[in-house]
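Descriptive structure summary
Letter by letter, the chains look like this.
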Amino acid sequence: MAYVPLATVLQQWQQAPEWQQPQRFLRLLEQWPQLVGAVVAEHAVPVELTSQGVLHVAVASSTWAHHLMFSRSPLMVKIQQTLGIVLSDIRFSNRDWHPQRSAIASHEALPKVGHLPNVTPAATPQEAFQRWQAQVRQRSRDYPLCPRCQCPTPIKELQRWGLCGLCYMRLA
């Protein structure tokens, strides 16, 4: 028996009919964000492509499933034109949804805020409390006073309840 190079065996293996479906699905996964857009790709992920041409897509909620049902036909056409994969149907369900890690988890993804004041850390808890207290006083110095307790109160609370939120809750 003659030895066949591994590259030849792998190439023959990839061209076998039973490996065509997984390769199509991998191409679909790679192109998914370009096919549906970044926003939809965050809320919908393909999970299976059956041999009958049914694409199963996990979605973040039933609202997304309902929304994507309206774009099912154009999406099927786009997948066929872009990737050459003929689909008989696309089914959306939130049953298999597993939330991805949020982009906020990475420090690099956070928005950059320009020129924040350089604040030195407080040496003691008392100093931290005093700083916080001074900030609250500064922020609320222009607030009108609650007619019942005479505490500075945001104008919206007074317009809504006629009292500060704490006094309102005490009356309830």
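Structure report, in brief. Within any chain, residue numbers begin from 1 and follow the written order of that chain's sequence. It should be noted that, the model being predicted, local features are given only for residues of pLDDT at least 70 and side-chain atom pairs only at 80 or more, the latter also being counted only at that level, while totals for whole chains, interfaces and linings use all residues. Only hydrogens and water are removed before side-chain values are computed, so all heavy atoms of the structure are retained for them.

What follows is about the overall build of the chain. When you go through the chain residue by residue, the secondary structure sums to 8 helices and 3 strands. Start at the N end of the chain and walk to the C end: the helices and strands fall as α-α-α-β-β-α-α-β-α-α-α. If you take every contact in the chain between residues at least 6 apart in sequence, the share linking residues at least 24 apart comes to 42%. In these tables, accessible area is a Shrake-Rupley quantity obtained with a 1.4 Å probe, and a residue counts as shielded only by the protein chains included in the view. Working note: accessible area of the chain is about 13,400 Å², and carbon and sulfur atoms make up 58% of it. Here a helix means four or more residues in a row that DSSP labels H or I, a strand means two or more in a row labelled E, and each is numbered from the N terminus. Residue contacts are defined here by distance: any two heavy atoms, one from each residue, within 4.5 Å place the two residues in contact.

So, on to the environment of phenylalanine 25. Along the chain, phenylalanine 25 falls in helix α2 (residues 17-36). Phenylalanine 25 sits 60 residues away from isoleucine 85 along the chain, and the two C-alpha atoms are 9.0 Å apart.

Pairing between strands is defined by DSSP: at least two bridges between them are needed. Read from one edge of the open sheet, 3 strands run β1-β2-β3, paired in mixed fashion. Each edge of the open sheet is held by one strand with a lone partner, namely β1 (44-49) and β3 (89-93). Strand-to-strand twist across the sheet, computed as the mean angle between neighbouring axes with direction ignored, equals 30 degrees. Taken together, the 5 bridges between β1 and strand β2 (residues 54-59) define a ladder with antiparallel strand orientation. Each residue of the ladder has a partner; that of glutamate 48, found in β2, is histidine 56. Contacting β2 and β3, helix α5 (residues 72-83) crosses the sheet at an angle of about 125 degrees to β3. Lines fitted to the C-alpha atoms define the axes, with helices restricted to the stretch that makes contact. Angles between their N-to-C directions range from 0 to 180 degrees.

Here we take up the pattern of salt bridges. Whenever Lys or Arg places a side-chain nitrogen within 4 Å of a carboxyl oxygen from Asp or Glu, that contact is recorded as a salt bridge. Summed over the entire model, instances satisfying the criterion amount to 4 salt bridges. Residue aspartate 89 is joined to arginine 91 by a salt bridge in which the shortest nitrogen-to-oxygen separation is 3.3 Å. Connected via shared salt-bridge partners are Arg72, Asp89 and Arg91.

In short, geometric facts, not functional conclusions.
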